[in-house]
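The chain contents come next:
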Amino acid sequence: MKEAHRQTRSYLMEMFQRHGFHPRHDLGQNFLIDINIIDFVIRNAELRENDVALEIGAGTGGLTDFLAQDAGHVVSVELDRNMHALATETITGHENVTLLNTDALKNKNNFSPTVLDAVNEALAAEPGRQLKLIANLPYSIATPVISNLVATNLPWERMVVTIQYELGLRMTAKPKTSHYGSLAVWLQSQCKVTMLKKLPPTVFWPRPKVDSAIMLIEPDLELRAAIPDREFFHNFVRMVFQHRRKLLRGVLAGMYRDQIDKARVDTLLEEVGFGEGLRAEEIDIPSLVKLATHIQRSIS
């Protein structure tokens, strides 16, 4: 197998000039050019021969090339036809890469069936294969990609992704802080979420206008098993945090007005030990899981 090529700023500039096009800002095309950062991502990916690596946003194929060295199979997705052509050129010689020219998402809540089919096919090729999302994610789709993967029943084992720094703060936020919201609750209710490194704009070309971060997300099967219906919980959390600063009693009464009356809402809050003046932004994650479970049982 060939040695992975390190795509520096000068290499990428020459490549784009040779092909006669430019990176697209509207698709968030900012490519990692710092060799040490790429090595850091690969090292934390902890890829094994039996792993399937999922990459969203192949770009020019620089990271794809490295993933193919260690993973059993790589499913890489690139929306832009020009980038797909460059990535195809970069990964020549790798027989363990499926490179898709498609949108990774069907909509904001679901992956593309084409992507899911490719992932499932790669997982089924050998017994015991595990999935890892390893990607320099385009800023605009980072949240749905990560959230949707957590929502699936795919056997994912690890995510190592570069995202916008502020999004990383939202993922790791705690109650009673400005970044605490539905994303933090959804991820932390089932995963261990760690910010591994903050990245300045200088490690990318073209340079973004904001800082980025490398995130490590690992599933916690015990936490996940404590949520009886994850789809219900996901919807519950999103609706509750649409009114995060309003009193929880009134928010719940409005959310479930056709199923439970206000008196029942008061009873449910008392059962989980909540006072009348509580707001969603103040509640820790285990308590939100407990409340959602109580409400679901009551309206069922």
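Just above sits the structure.
We now turn to the structure provided with this report.

**Describing the overall build of the protein**
- Scanning the protein from terminus to terminus reveals 13 helices and eleven strands.
- On C-alpha atoms alone, the protein measures out to a radius of gyration of 21 Å, which is about the 19 Å that the 2.2 N^0.38 rule sets for 300 residues.
- Along the longest, intermediate and shortest principal axes, the C-alpha atoms of the protein span 70 × 45 × 30 Å.
- The burial tally for the protein puts 51% of its 300 residues in the buried class.
- Long-range contacts, defined here as pairs at least 24 residues apart, represent 68% of the contacts in the protein between residues at least 6 apart.
- Summing over all exposed atoms, the protein offers an accessible surface of approximately 14300 Å²; the carbon and sulfur share of this is 48%.
- Here the protein contributes 34 positive and 36 negative side-chain charges, whose respective centroids are spaced 6 Å apart.

**Digging into unusual backbone geometry**
- A cis amide bond links tryptophan 205 with the next residue in sequence, proline 206, at an omega value of -15°.
- Positionally, proline 206 belongs in the loop between strand E10 (204-205) and strand E11 (212-219).
- Phi is positive for glutamate 46, which is not a glycine, with a value near 50°.
- For glutamate 46, the location among the structural elements is in the loop between helix H2 (35-45) and strand E2 (51-56).

**As for the nonpolar core**
- Met171, Phe236 and Leu252 are the most contacted members of the largest nonpolar core, which has 70 residues in total.
- Element by element, the count of residues in this core is highest for helix H13 (residues 285-299), at six residues.
- Every residue in contact with methionine 171, bar those within four places of it in the chain, is listed here: Ile146, Ile163, Leu183, Ala184, Leu187, Gln188, Val193, Met215 and Ile217.
- In this structure, Val41, Ala53, Ala68 and Ile214 belong to the second largest nonpolar core, which totals 27 residues.

**Examining the packing of aromatic side chains**
- One pass over the full model with this rule turns up six aromatic pairs.
- Residues phenylalanine 16 and phenylalanine 21 carry aromatic rings whose centres are separated by 5.8 Å and whose planes lie at 90° to one another, so their mutual orientation is edge-to-face. Here phenylalanine 16 matches phenylalanine 21 in class, with each residue buried.
- Of the aromatic side chains, those joined through ring pairs into one cluster are Phe16, Phe21, Phe31 and Trp205.
- Lying across the ring of phenylalanine 40, lysine 197 places its NZ or CZ 4.6 Å from the centre.

**Description of the pattern of salt bridges**
- In this structure the tally under the stated criterion is 16 salt bridges.
- Where arginine 24 meets aspartate 26, a salt bridge forms, and the shortest distance between an N and an O atom there is 2.7 Å.
- Residue arginine 129 pairs with glutamate 126 through a salt bridge whose shortest N-O separation is 3.6 Å.
- On the accessibility criterion, arginine 129 (9% relative accessible area) is buried.
- In this structure glutamate 126 comes out as partly exposed when scored by relative accessible area, which is 37%.
- A single salt-bridge network, built from bridges that share partners, covers Arg48, Asp51, Lys132 and Glu157.

**Details of the sheet that holds strand E9 (residues 191-199)**
- The strand order across the open sheet formed by seven strands is E4-E3-E2-E7-E8-E11-E9, and the pairing between neighbours is mixed. Each edge of the sheet is formed by a strand with only one pairing partner; in this case those strands are strand E4 (97-100) and E9. Along the sheet, successive strands turn relative to each other by an average axial angle of 15°, direction set aside.
- Of the strand pairs in this sheet, E2 and strand E7 (residues 130-136) are connected by four bridges, and their pairing is parallel. In the strand pairing of E7, valine 52 is matched with leucine 131.
- Across the sheet, helix H6 (residues 142-151) is in contact with E2, E7, strand E8 (156-164), E9 and E11; its angle to E8 comes to roughly 170°.

**Examining the packing of helix H11 (residues 248-255) against helix H12 (residues 262-271)**
- Contact geometry for H11 and H12: axes closest at 10 Å, N-to-C directions at 130°. Looking at the two axes, H11 sits oblique to H12. Here H11 runs over H12; the crossing is right-handed. Only Lys262, Val265, Asp266 and Leu269 of H12 make contact with H11, whose side of the interface consists of Leu248, Arg249, Leu252 and Ala253.

Conventions and cut-offs
Residues numbered from 1 in each chain as written. Predicted model: local features only at pLDDT ≥ 70, side-chain atom pairs only at ≥ 80, totals over all residues. Heavy atoms only, no water. Helix = DSSP H or I, 4+ residues; strand = E, 2+ residues; numbered from the N terminus. Rg over C-alpha atoms; globule rule 2.2 N^0.38 Å. Buried < 20%, exposed > 50% of the residue type's maximum accessible area, 1.4 Å probe, protein only. Contact = heavy atoms within 4.5 Å. Areas by Shrake-Rupley, 256 points an atom, 1.4 Å probe, with all protein chains shown as cover. Lys, Arg positive; Asp, Glu negative; His and termini not counted. Charge placed at Lys NZ, Arg CZ, Asp CG, Glu CD. Core = buried A, V, L, I, M, F, W, Y, C linked by side-chain atoms within 4.5 Å. Phe/Tyr/Trp six-rings, centres within 6.5 Å; stacked < 30°, edge-to-face > 60°. Lys NZ or Arg CZ within 6 Å of the ring centre and 35° of its normal. Salt bridge = Lys/Arg side-chain N within 4 Å of Asp/Glu carboxyl O. Pairing = 2+ DSSP bridges. Axes fitted to C-alpha atoms, helices over the stretch in contact; angles between N-to-C directions. Parallel < 35°, antiparallel > 145°, perpendicular 65-115°, else oblique. Left-handed = near helix turned anticlockwise from the far one by under 90°.

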